[in-house]
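# What the coordinates show
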Amino acid sequence: MAFEVPAELEKRMDEAISHYPVSKRSAVLPLLHLLQHHFRFISDEAVAWVAAKLGLEPIQVLEVVTFYPGFRQTAPGKFHIRVCRTLSCAMAGSYELMESLCQKAGIDRSHTDHHHPIAVSQDGKYSIEFAECLASCGFGPVCMVEDDFYEKVAPEKAGELLAKYT
């Protein structure tokens, strides 16, 4: 099945491209953001689609996808969790929070690395990754579930947090 972008999404993309009249290549980043927001990750087919749309080589799009850690190349779970790991959150217990969330969600992070930072539960309900600063350094540990932001999340409250997302 061919990769298809809904007409309304493509219309939004065309509008974004119009902001870059000198170089369509500059529109790669906004198009990738729109695609990830809609599809939840950037597939190889999406990379090829953006390249064709902008008259670029796929590698020119892929280099953007792989440079920015905010772009996911694999499908996340139904509810994606990001846990801050910068110094203040780490000192406040973010590594313990990560362990507790993984244990409660049934997530095995043993196969994650810099290029594959996301781990997904076997049932596909949750995915998790560390994030660099989530911008609430005085209230750690902090995490996000989808676009919901949580401060001072005690590791022993991980189960209660996950229960909000069923």
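These lines cover the structure that appears in this document, whether it is placed above or below. Not measured: the values here are computed from a predicted model.

## Regarding the packing of aromatic side chains
Evaluated as defined, the whole model comprises six aromatic pairs. Between Phe3 and Phe39, the aromatic rings sit 5.0 Å apart at their centres with planes inclined by 45°, giving tilted as the arrangement. Residue Phe3 is located in the segment before helix 1 (7–17), and its partner Phe39 is located in helix 2 (residues 28–39); the two are separated by 36 residues in the primary sequence. Residue classification places Phe3 among the partly exposed positions, given a relative accessible area of 23%. An angle of 85° between the planes, with centres 6.4 Å apart, marks the rings of Tyr68 and Phe71 as edge-to-face. Accessibility expressed as a relative area gives 37% for Tyr68, which makes it partly exposed. The class for Phe71 is buried, based on a relative accessible area of 8%. Connected via pairs of aromatic rings, a cluster forms that spans Phe67, Tyr68 and Phe71.

The rules behind the values
- Residues numbered from 1 in each chain as written.
- Predicted model: local features only at pLDDT ≥ 70, side-chain atom pairs only at ≥ 80, totals over all residues.
- Heavy atoms only, no water.
- Phe/Tyr/Trp six-rings, centres within 6.5 Å; stacked < 30°, edge-to-face > 60°.
- Helix = DSSP H or I, 4+ residues; strand = E, 2+ residues; numbered from the N terminus.
- Buried < 20%, exposed > 50% of the residue type's maximum accessible area, 1.4 Å probe, protein only.

The analysis is restricted to geometry; functional conclusions fall outside its scope.
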